[in-house]
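Fold and geometry: a report
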Amino acid sequence: AARISPQDARMFRPAAVFCLCAIAARGGDMAWERLPPLPDTRGVAAPFAGVHGGALIVAGGANFPDRLPWEGGAKVWHDRIWVLEKPEGQWRDAGRLPRPLAYGVSVSTPDGVICVGGSDATTHYADVFRLLWTQGEVQTPLGAQRALSQSACAAHGPPGGCSPEGRAQRAR
């Protein structure tokens, strides 16, 4: 898996601040309503989340399922995908991510929920993938993953170029 360098990670900070400011600026005309809690009783931090096909998709995330961190609990990363089709509905188990993953960025688009980066207990990833809610199931088209990863890799322009899968390579 591709790793994000500390220099690259710093590049994402201004984008995150911009997104938060944009959300705050629109806050006046947004309506909030409580949704049913996720089936995981502790919930999850930093999942990929977005809306596609009229459904809310929540994928991955991390939590401390056994004990809280100040009680010596160990963080666990998750790969579960949950879908909520209606605000008054119930969450559906919609499958799993290829690996446990949290702390990435996700954006809802008409073409699916675009998911970028993320990490697990040992690795930071630069992968890009898409989650689609189509005909009652989450789909992740493999060809779209490669194309998105290649586009993201080419736009960033790593010194070593990109692999066929769109992963950054080190300069030799």
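Presented here is an overview of the structure given in this document. Keep in mind that what you see is a predicted model, and the values were worked out from it rather than measured.

A closer look at the overall build of the protein chain
The helix and strand inventory of the protein chain stands at two helices and 10 strands. Helices (α) and strands (β) of the protein chain occur, in sequence order from the N terminus, as α-β-β-β-β-β-β-β-β-β-β-α. Partitioning the contacts of the protein chain with sequence separation of at least 6, the portion at a separation of at least 24 is 41%. As displayed, the protein chain has an accessible area near 10,800 Å², and 57% of this comes from carbon and sulfur atoms.

Brief notes about the sheet that holds strand 6 (residues 92–96)
Paired through their backbone hydrogen bonds, the strands of a sheet run either parallel or antiparallel. Taking strand neighbours across the sheet as the criterion, the four strands line up as 1-2-5-6 in an open arrangement whose pairing is antiparallel. On the outer flanks of this sheet lie strand 1 (48–52) and strand 6, each paired with one strand and no other. Direction aside, the axes of adjacent strands within the sheet are offset by 25° on average. Relative to strand 6, strand 5 (residues 80–84) runs antiparallel, the two being bridged by three bridges. For R80, the partnering residue across the bridge sits in strand 6 and is R96.

Digging into the pairing of strand 1
The side-chain alternation of strand 1 yields one buried face, formed by F48, G50 and H52, and one unburied face, formed by A49 and V51. Pairing of strand 1 with strand 2 (residues 55–59) involves five bridges; the strand directions are antiparallel. Within strand 2, the position partnered with V51 by the bridge is L56. The antiparallel hairpin formed by strand 1 and strand 2 contains two residues in its connecting segment, where G53 sits at a positive phi of about 60°.

Quick notes on the environment of G136
Residue placement: G136 occurs in the loop between strand 9 (128–134) and strand 10 (137–139). Among the residues examined, G136 registers a relative accessible area of 31% and is labelled partly exposed. Placed 53 residues apart in sequence, G136 and V83 show a C-alpha to C-alpha distance of 9.5 Å.

A few points about the side chain of T123
Take T123: it is sitting in the loop between strand 8 (112–116) and strand 9. Judged by relative accessible area, which is 9%, T123 ranks as buried. A distance of 3.2 Å separates polar atoms of two side chains, one belonging to T123 and the other to T122.

What to know about the nonpolar core
Core analysis: the biggest nonpolar cluster contains 15 residues, and F48, I57, I81, L97, F129 and L131 have the highest contact counts within it. Every element with two or more residues in this core is listed here: strand 2, strand 5, strand 8 and strand 9. Not counting chain neighbours up to four residues away, the residues in contact with I57 comprise F48, A49, G50, H52, I81, W82, V83, V113, L131, L132 and W133.

Notes on the side chain of R130
As for its position among the elements, R130 is in strand 9. No salt bridge is formed by the buried R130. Its closest oppositely charged neighbour is D111, at 5.1 Å. A polar contact of 2.9 Å, which involves the side chain of R130, links it to the backbone oxygen of D111.

Some words on a nonpolar patch on the surface
A contiguous nonpolar surface patch, about 210 Å² in accessible area, is contributed by V105, V107 and V116. Counting through the fold element by element, V116 comes out in strand 8. The exposure class of V116 is partly exposed, given its relative accessible area of 31%.

Quick word on the sheet that holds strand 7 (residues 105–109)
Taken in spatial order, the four strands line up as 7-8-9-10 in an open sheet, and their pairing is antiparallel. The open sheet has two free edges, formed respectively by strand 7 and strand 10, since each of these has just one partner strand. Each strand of the sheet is rotated relative to its neighbour by a mean of 25°, with strand direction disregarded. Direction of pairing for strand 7 relative to strand 8: antiparallel, over a ladder of five bridges. Across the sheet, the residue bridging to V105 is V116, located in strand 8.

Calculation criteria
Residues numbered from 1 in each chain as written. Predicted model: local features only at pLDDT ≥ 70, side-chain atom pairs only at ≥ 80, totals over all residues. Heavy atoms only, no water. Helix = DSSP H or I, 4+ residues; strand = E, 2+ residues; numbered from the N terminus. Contact = heavy atoms within 4.5 Å. Areas by Shrake-Rupley, 256 points an atom, 1.4 Å probe, with all protein chains shown as cover. Pairing = 2+ DSSP bridges. Axes fitted to C-alpha atoms, helices over the stretch in contact; angles between N-to-C directions. Buried < 20%, exposed > 50% of the residue type's maximum accessible area, 1.4 Å probe, protein only. Polar contact = N/O pair within 3.5 Å; in protein donor to acceptor, adjacent residues only side chain to side chain. Core = buried A, V, L, I, M, F, W, Y, C linked by side-chain atoms within 4.5 Å. Lys, Arg positive; Asp, Glu negative; His and termini not counted. Salt bridge = Lys/Arg side-chain N within 4 Å of Asp/Glu carboxyl O. Patch = residues over 30% accessible without salt bridge, like charges linked within 9 Å, V, L, I, M, F, W, Y side chains within 5 Å.

All we've got here are geometric facts, nothing functional implied.
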